[in-house]
Amino acid sequence: MFLEPINFARMYKEHKQKTVFKGKNSGDWDNKSKEMAPRMQKSHYVEDFISRMNISKEDTVLDIGCGPGTLAIPLAKKVKHVIAIDFSSQMLEELEAYAAREGVKNITTYHIGWEDDWSHLPQVDIAVASRSIEVLDLEDALSKMSSHAKKACYLTYKTGGSFVDMDILDYIGKKIITKPDFWYIPILLYKDGYLPKIDYIATKDGSVKYSNADEFVTSLIWSLGSLNDEQQEKAKEYFKLHVENRQDSLKPTFWAFVAWSCEK
């Protein structure tokens, strides 16, 4: 019996188009940059990510979706040169200010994103995409990463089908269509002849923030797109009952850390 091959790239696209978790545009991230920069630039996540990489002082690195320099700055202190790209100009400004504060001068920035032309970017030894590969065409994004790196690629992608804990969604009565999970990534890489390795990084700094009830609701709306009045009130109630003064008990967020060699 002949079985038709499964087109996982098409399956991912169809799933991505249906999910409630829609991609943000450059303007969204421009507006988010000031708030994100201090929180993202100092975190245990950075140490966990870099500790899983095989890098040397002579390496050049491409940081895709670099944001405010979360990885680019610490990597620049360990390698020869970093090329940092992002489609948010404000994120690049935050990165450049961070680099100036740290005295880092071996970073070149480009105002481009995943879907732009990369032909003018030089080849590098290593490409990284830290929590930035929420793209519509995953197959193309992975191909771009692999083709620009001579040695290896490293990325992280949120595990599970939601950026918001399912307990929260159940409590506030928000029904969602989940987003594609990380397993599409190793499948597509394997299809193209790579042998990806999977590890996991746990964090407590997910997309939903917890300093007060109003900010909690705002962060939920950022992730989910919308909440009606009843859901917003239920979210505030959830915050009072389960989050306020209990941040140490919050469930961690897990990121799949995917690594593959580009030296076939």
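Every chain's residues receive numbers from 1 upward, in the order its sequence appears when written. Restriction of local features to residues with pLDDT of at least 70 applies here, the model being predicted, together with a cutoff of 80 or more for giving and counting side-chain atom pairs; totals for whole chains, interfaces and linings are based on all residues. For side-chain calculations, the full set of non-hydrogen atoms in the structure is used, while hydrogens and water are omitted.

Caption draft 1: Spatial organisation of a nonpolar patch on the surface. Like charges within 9 Å and nonpolar side chains (Val, Leu, Ile, Met, Phe, Trp, Tyr) within 5 Å are joined into patches, using only residues over 30% in relative accessible area that form no salt bridge. All accessible areas in this document rest on Shrake-Rupley with a 1.4 Å probe, and a residue is counted as covered only by the protein chains that are shown. Throughout this description, the term salt bridge denotes a Lys or Arg side-chain nitrogen within 4 Å of a carboxyl oxygen of Asp or Glu. A cluster of nonpolar side chains, namely Ile6, Met11 and Trp183, defines an oily patch on the protein surface of about 270 Å² accessible area. Residue position: isoleucine 6 is located in the segment before α1 (8-18). Categorising residues by exposure relies on relative accessible area from a 1.4 Å probe, with only protein chains included: less than 20% of the type maximum marks a residue as buried, more than 50% marks it as exposed, and the intermediate range marks it as partly exposed. Take isoleucine 6: its relative accessible area is 52%, and that puts it in the exposed class. Strands here are runs of E lasting at least two residues and helices are runs of H or I lasting at least four, both read from the DSSP assignment and numbered beginning at the N terminus.

Caption draft 2: How the structure looks around the packing of aromatic side chains. When two rings of Phe, Tyr or Trp (its six-membered ring) have centres within 6.5 Å they constitute a pair, described as stacked for plane angles under 30 degrees, edge-to-face for angles over 60, and tilted for the intermediate range. The final tally for this structure, using the stated rule, is eleven aromatic pairs. Counting every residue linked through ring pairs, the aromatic cluster contains Phe8, Tyr12, Trp183 and Tyr184. Cation placement over rings: the criterion is NZ of Lys or CZ of Arg within 6 Å of the ring centroid and within 35° of the ring normal. The residue whose ring lies beneath arginine 131 is tyrosine 45, and the NZ or CZ to ring-centre distance is 3.6 Å. Just above the ring of tryptophan 255 sits the side chain of arginine 131; from NZ or CZ to the centre is 5.2 Å.

Caption draft 3: Main features of the pairing of strand β2 (residues 81-85). When you tally the buried positions in β2, you get four out of five residues, the bulk of the element. Note on pairing: two strands pair once DSSP finds at least 2 bridges between them. Looking at chain direction, strand β1 (residues 60-64) and β2 are connected through five bridges and run parallel. Bridge pairing links isoleucine 64 to isoleucine 85 in β2. As paired strands, β2 and strand β3 (residues 107-110) are joined by four bridges and run parallel to one another. The residue bridging isoleucine 83 from the neighbouring strand is threonine 108, located in β3. Between the parallel pair β2 and β3, the chain is carried across by helix α5 (residues 89-102), and the sense of this crossover is right-handed. With strands facing away from the observer, any crossover in which the path from the first strand over the helix to the second runs clockwise is taken as right-handed.

Caption draft 4: Quick peek at α1. For α1, every residue scored as buried is listed here: Ala9, Tyr12 and Lys16. Projected down its long axis, α1 carries its buried residues within an arc of 60°, all on one side. Exposed residues on α1 whose side chains face more than 90 degrees from its buried face are Gln17 and Lys18. Any two residues whose heavy atoms approach within 4.5 Å at even a single point are treated as in contact. The inward-facing, buried residues of α1 abut α6 (138-148), β5 (149-158) and α8 (184-191). Looking at where α1 begins, the residue whose side-chain oxygen comes 3.3 Å from the main-chain nitrogen of alanine 9 is asparagine 7. Directions pointing from the helix axis toward each C-beta atom define the arc. Here a polar contact is taken to be a pair of N or O atoms separated by no more than 3.5 Å, where protein atoms must pair a possible hydrogen donor with a possible acceptor and residues adjacent in sequence count only if both atoms sit in side chains.

Caption draft 5: View of the environment of tyrosine 210. Inspection of the secondary structure assignment puts tyrosine 210 in the loop between β6 (197-203) and α9 (213-224). A relative accessible area of 19% places tyrosine 210 in the buried class. Each C-alpha atom of the pair tyrosine 210 and asparagine 245 lies 9.6 Å from the other, and the pair is 35 residues apart in sequence.

Caption draft 6: Broad picture of the pattern of salt bridges. For the structure on display, the rule yields twelve salt bridges. Lysine 13 is the salt-bridge partner of aspartate 137, the closest N and O atoms lying 3.5 Å from each other. With aspartate 137 in the loop between β4 (124-130) and α6 and lysine 13 in helix α1, this pair connects stretches of sequence that are 124 residues apart. Judged by its relative accessible area of 33%, lysine 13 is partly exposed. In this structure, lysine 236 engages glutamate 233 in a salt bridge whose closest nitrogen and oxygen atoms are separated by 3.9 Å. Taken together, the residues span about one helical turn, with lysine 236 and glutamate 233 both in helix α10 (residues 229-243) at a distance of three residues. Residues participating in the shared-partner salt-bridge network are Lys16, Glu134 and Lys179.

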